[in-house]
Every structure is written in structure tokens, then in C-alpha cells.
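Residues per chain, in single letters:
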Amino acid sequence: MPEYEFCDVYVPRGVSRKAATRLLTDHAEYGHWELDRLRLNPDGSRKVRLRRRIIRQLRATW
């Protein structure tokens, strides 16, 4: 079972859809995050949860 770390991002209601898309795209490209959950609140704000896989390195035993 893979392990993930999470990052919560809050996007206020005044931010356009295009700007929010750009913000999340930058997180995905440069931080290797992927979208886990997006909640659109009644006031127009967005709560986004991003995740990325934790890769553990095994120690070499020689």
C-alpha cells in the first residue's frame, strides 16, 4: 500500500478559475503533487487537497 503526504490549499472566492487552475498546475509540475480532493464552498471559495507519494529508499546491505 503506497504512502502519501498531503497538502491543503485554500483558494479564496475572488480568484478566477483560470488563476486557480494555474496555481494547481504549478503545484503539480514543480512539486509533483496530484489532486486528491476539491471542495467548492457555497461562497465560491475552494478547498483543495493535494497528495504525492512518499518514496522510501531501502538501505543497501553489502
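Below is a short write-up of the structure. Keep in mind the model is a prediction, meaning the values are calculated, not measured. (Residues numbered from 1 in each chain as written. Predicted model: local features only at pLDDT ≥ 70, side-chain atom pairs only at ≥ 80, totals over all residues. Heavy atoms only, no water.)

In this structure, V9, V11, A20, W33, V48 and L50 together form the largest nonpolar core, which totals 6 residues. Elements that contribute at least two residues to this core include exactly β1 (3-11) and β3 (46-54). (Core = buried A, V, L, I, M, F, W, Y, C linked by side-chain atoms within 4.5 Å. Buried < 20%, exposed > 50% of the residue type's maximum accessible area, 1.4 Å probe, protein only. Helix = DSSP H or I, 4+ residues; strand = E, 2+ residues; numbered from the N terminus.)

On to the sheet that holds β1. The strand order across the open sheet built from 3 strands is β1-β3-β2, with neighbouring strands paired in antiparallel fashion. The sheet is open, and its two borders are formed by β1 and β2 (34-40), each paired with just one other strand. Averaged over all pairs of adjacent strands, the angle between strand axes in this sheet comes to 20°, irrespective of strand direction. (Pairing = 2+ DSSP bridges. Axes fitted to C-alpha atoms, helices over the stretch in contact; angles between N-to-C directions.)

Spatial relationships are all this shows, so hold off on functional conclusions.
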